[in-house]
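# Close look at the chain arrangement
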Amino acid sequence: MRKIKIFDTTLRDGEQSPGCSMNLSEKIVLAKQLEKLGVDIIEAGFAISSPMDFKSVQAIAQAAPECTIASLARCNKNDIDTAWEAVKDAKKPRIHVFIATSEVHMKYKLRMTPEQVLQAITDMVGYAKSKCPDIEFSAEDASRSDREFLSQAFSNAIAAGANTINVPDTVGYSTPQEMGELINYLREHVAGIENVDISVHCHNDLGMGTANSLACVKAGATQVECTVNGIGERAGNASLEEIVMALRTRRDFYDADTNINTREIYKSSRLLSNITGVPIAPTKAIVGANAFAHEAGIHQHGMITNAQTYEIMNPDEIGIPHRALVLGKHSGKHALRERLESMGYEIPDDELEDIFTRFKKLADEKKTVTSSDLEALTLHRSRIIRPESGESSVPFCQLVSHSITSGSGVPKISYVQIRRSDTNKLMDGVESGAGPLDAAFKVINKMLGVEARLEDFSIRSVTEGEDSIGEAVVKISSASSGEMYTGSGISTDIVEASLAAYIAGINKMFDEERAVVSD
Ligand code: KIV
Ligand code: ZN
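How each quantity is defined
Along each chain, residue indices are assigned from 1 in the same order as the chain's sequence is written. Each chain is given a letter, starting from A, and each ligand a number, starting from 1, according to the order in which they appear as written. Local features in a predicted model are, by the rule used here, given only for residues with pLDDT of at least 70; side-chain atom pairs are given and counted only at 80 or more, and totals for whole chains, interfaces and linings are based on all residues. Side-chain figures throughout are based on the complete set of non-hydrogen atoms in the structure, without hydrogens or water. Helix and strand definitions here come from DSSP, where helices need a minimum of 4 consecutive H or I residues and strands a minimum of 2 consecutive E residues; each element is numbered from the N-terminal end. A helix is expected to reach a length of 1.5 Å times the quantity of its residues less one. Relative accessible area decides the class of each residue, using a 1.4 Å probe on protein chains only: under 20% of the type maximum gives buried, over 50% gives exposed, and in between gives partly exposed. Nitrogen and oxygen atoms within 3.5 Å of one another constitute a polar contact, given that in protein one can donate a hydrogen and the other can accept it, and given that sequence-neighbouring residues count only through two side-chain atoms. Think of a nonpolar core as a cluster: buried Ala, Val, Leu, Ile, Met, Phe, Trp, Tyr and Cys residues, connected wherever their side-chain atoms sit within 4.5 Å. Pairs of residues are marked as contacts when any of their non-hydrogen atoms sit within 4.5 Å. Nearness here has a simple test: a residue counts as near a molecule or strand if at least one of its heavy atoms is within 4 Å of that partner. Amino acids are sorted into nonpolar (Ala, Val, Leu, Ile, Met, Phe, Trp, Tyr, Cys and Pro), charged (Asp, Glu, Lys and Arg) and polar (every other residue, Gly among them). For every residue, the pLDDT score states the predictor's confidence, bounded by 0 at the bottom and 100 at the top. Here the rule is simple: two strands pair whenever DSSP picks up at least two bridges between them. Fitted lines through C-alpha atoms give the axes, limited to the stretch in contact for helices. The angle between two N-to-C directions lies from 0 to 180 degrees. Criterion for a salt bridge: a side-chain nitrogen of Lys or Arg within 4 Å of a carboxyl oxygen of Asp or Glu. Pairs were defined over the aromatic rings of Phe, Tyr and Trp, the Trp ring being its six-membered one, requiring ring centres within 6.5 Å. Orientation was assigned from the angle between planes: stacked under 30 degrees, edge-to-face over 60, tilted for the rest. Put simply, a charge is over a ring when the Lys NZ or the Arg CZ is close to the ring centre, within 6 Å, and near the line of the ring normal, within 35 degrees.

### Describing helix α2 (residues 24-37)
With 14 residues, α2 should cover 20 Å at 1.5 Å per step; its first-to-last C-alpha distance of 20 Å lies within 8% of that length. For α2, the tally of buried residues reaches 11 of 14 residues, placing the bulk of the element in the interior. Within α2, the full set of buried residues consists of Leu24, Ser25, Glu26, Lys27, Ile28, Val29, Leu30, Ala31, Gln33, Leu34 and Leu37. Residue Asn23 occupies the N-cap position of α2, its side-chain oxygen lying 3.3 Å from the main-chain nitrogen of Ser25. Two residues or fewer past α2, Gly38 is found with a positive phi of approximately 95 degrees.

Here it is in structure tokens:
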């Protein structure tokens, strides 16, 4: 059976998409999870694009030593030098060089002739190879490129030392049949192709990202580029979980599998959604809330008789936790650790202490504590760990207490008390606003002297029942830099969850602005 390499670009192509940006700590938490998931290659960023991206690629190279760590680079020496600086201390570094090969891109974007593009490929792939033993070359917009020219571009890249050639459907234009035929054509016409990995990178503009990638695997591709939850530019990239589970479930058809530990899929998906604040659609294949829910009576009957009647995958295989009641208010730390471990979370002692305190508080507030509750507590806890040092970071600002007055025909007034970690000072204030949250957010801005604008706000219940945990997600923008920050908070009290989310966003803003100053 063929082994297909999984090249995860959640931290590069995925992170580039609006609303999905992550700070350094979050990227490291995610990179460690991707390593646990078993991806072969992590594209950690585009090192030249910003000092923060450079720093992230360097840090990820240390955080996930089991994976090959790639940085993207355009076909020029400065990009390649910077990419190499960022990945060179990785155990398995890769430089990913790209240039566009379609007529429209060469003419209007690059303003280069086809001959110049071919020369740049030879020169720059060769230059990258002189630094790094593992080179991937991508022909951007390959699927809309002239096939003969594309074959020449890939032949040049291989002659100059590329170990992997990547065939992107950059604008998600192709159909599965066309992509399969393109791979077949390249296998016949590219010199030396039998000695390198053939990779595909499909966007999802027409909803065919996964289907196109799988058609390429069927035609002989040996690497697939994808993202967790399919996040990415515009309509996103091919989704990792769909590709992996399609190959696993239909091994009979594809005769191919991956190195992915599928039991880590659900956790990876939830972690990413938690970090970015981008929810997963209930109907999303593999990881959506409804992916394994059976509502219709006839389906339920079939499921009870034999799960195979309506279920082609076992949710256990994907690591989806059982929703049953797991712990009560009298459960001890040992039981909590056991439950978390059975859900795939290995928790160090100091972290367990903190989760246990939160669990006890929750058990007092809720009648039942389910695995979804525990998952929410754990995911939120993992967000405040500084993975670079393994130590808990003290957030810049913490919510201490709050109270609101609201109702029809009365002023909406909020009182908020916070603690600043730099001065260890308690601060409080009162404001009125269009609603209690508007008032509370105003108080926080005023106390901290920040100009943060609320861009988006959502709240949803994480678990079932009237006493379920609410998860609030806010997106705020900094008036000074225009940058967007996402914060999330959980509580059985939705006002508290909203304030915690707002403060989490503010903390990220302060973190980032402090990091820029220290650069
Ligand atoms: O979509 C694309 O073409 C890319 C390349 C840089 C690989 O992301
Ligand atoms: Zn892309």
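### Focus on the nonpolar core
In this structure, Ile42, Ile69 and Ile95 are the most contacted members of the largest nonpolar core, which totals 115 residues. The element that contributes the greatest number of residues to this core is helix α6 (residues 114-129), accounting for seven residues. Once you skip the residues sitting within four places of it in the chain, Ile42 turns out to touch Asp8, Leu11, Ala31, Leu34, Ile60, Ala64, Cys67, Thr68, Ile69 and Ala70.

### So, the site of ligand 1
Neighbouring ligand 1 are Arg12, Asp13, His96, Phe98, Ser138, Glu140, Asn166, Pro168, Thr170, His201 and His203. Interatomic distance of 2.7 Å between a side-chain N/O atom of Thr170 and an oxygen atom of ligand 1. Note that an oxygen atom of ligand 1 is positioned 3.1 Å from one of the side-chain N or O atoms of His201. Sorting the residues of the shell around ligand 1 by element identifies α1 (10-14), β5 (93-100), β6 (135-140) and β7 (164-169) as the ones contributing at least two each. Class assignment of the residues belonging to the shell around ligand 1 gives a composition of two nonpolar, six polar and three charged.

### A few points about the confidence of the model for the protein chain
Considering every residue of the protein chain, the mean pLDDT works out to 90; 93% of them sit at 70 or more. Under a pLDDT of 50 for its full length, residues 384-392 has, in the predicted model, 19 contacts with residues more than four places off or in other chains.

### A short note on the sheet that holds strand β19 (residues 470-478)
A sheet is described by the order of its strands in space; here three strands give the open sequence β18-β19-β20, paired in antiparallel fashion. Each edge of the open sheet is held by one strand with a lone partner, namely β18 (452-461) and β20 (484-491). Strand-to-strand twist across the sheet, computed as the mean angle between neighbouring axes with direction ignored, equals 20 degrees. Strand direction decides the pairing type here: β19 and β20, joined by eight bridges, are antiparallel. What sits directly across from Ala472, in β20, is Gly489. Helix-sheet contacts for helix α12 (residues 265-276) involve β18, β19 and β20, and the interaxial angle to β20 is about 115 degrees.

### Details of unusual backbone geometry
Phi is positive for Asn229, which is not a glycine, with a value near 60 degrees. Within the secondary structure layout, Asn229 lies in the loop between β9 (223-226) and α10 (240-249). Unusually for a residue other than glycine, Arg234 sits at a positive phi of about 50 degrees. Among the secondary structure elements, Arg234 is positioned in the loop between β9 and α10.

### Notes on the pattern of salt bridges
Evaluation of the coordinates by the stated rule reveals 32 salt bridges. Measuring nitrogen to oxygen at the nearest pair gives 3.2 Å for the salt bridge that ties Lys267 to Glu264. A single burial state applies to Lys267 and to Glu264, both of which are buried. The residue Arg337 makes a salt bridge to Asp349 at a minimum N-O spacing of 2.4 Å. Here Asp349 lies in helix α16 (residues 349-365) and Arg337 lies in helix α15 (residues 333-342), a separation of 12 residues in the sequence. On the basis of relative accessibility, which here comes to 22%, the residue Arg337 falls in the partly exposed class. Classification of Asp349 as exposed rests on a relative accessible area of 57%. Overlapping salt bridges, with partners in common, bring together Arg12, Asp13 and Glu43 in one network.

### Focus: the packing of aromatic side chains
Per the counting criterion, the structure on display carries six aromatic pairs. Seen in terms of ring centroids, Phe356 and Phe359 are 6.1 Å apart; in terms of plane orientation they differ by 35 degrees. Their pairing is tilted. With Phe356 and Phe359 both in helix α16 and three residues apart, the pair spans about one turn of that helix. In terms of burial, Phe356 and Phe359 fall into one category: buried. An angle of 20 degrees between the planes, with centres 3.9 Å apart, marks the rings of Phe396 and Phe510 as stacked. With a gap of 114 residues between them, Phe396 in the loop between β14 (391-392) and β15 (397-405) and Phe510 in helix α19 (residues 494-518) connect regions that are remote in the sequence. In this structure, Lys77 packs its charged tip against the face of Tyr127, placed 5.1 Å from the ring centre. Above the face of the Tyr185 ring, Arg147 is positioned so that its terminal group lies 5.4 Å from the ring centre.

### A short note on the sheet that holds strand β4 (residues 68-74)
In space, the eight strands of this closed barrel follow the order β2-β3-β4-β5-β6-β7-β8-β9, with parallel pairing throughout. Here the average twist between neighbouring strands, direction ignored, is 25 degrees. As defined by bridge partners, β6 adjoins β7 across three bridges and the pair is classed as parallel. Bridge pairing links Phe137 to Ile165 in β7. Strands in contact with helix α3 (residues 51-63) are β3 (41-45) and β4; relative to β3, the strand with the most contacts, it is inclined by about 150 degrees. Here helix α8 (residues 176-189) sits on the sheet in contact with β7 and β8 (197-202), set at roughly 150 degrees to β7.

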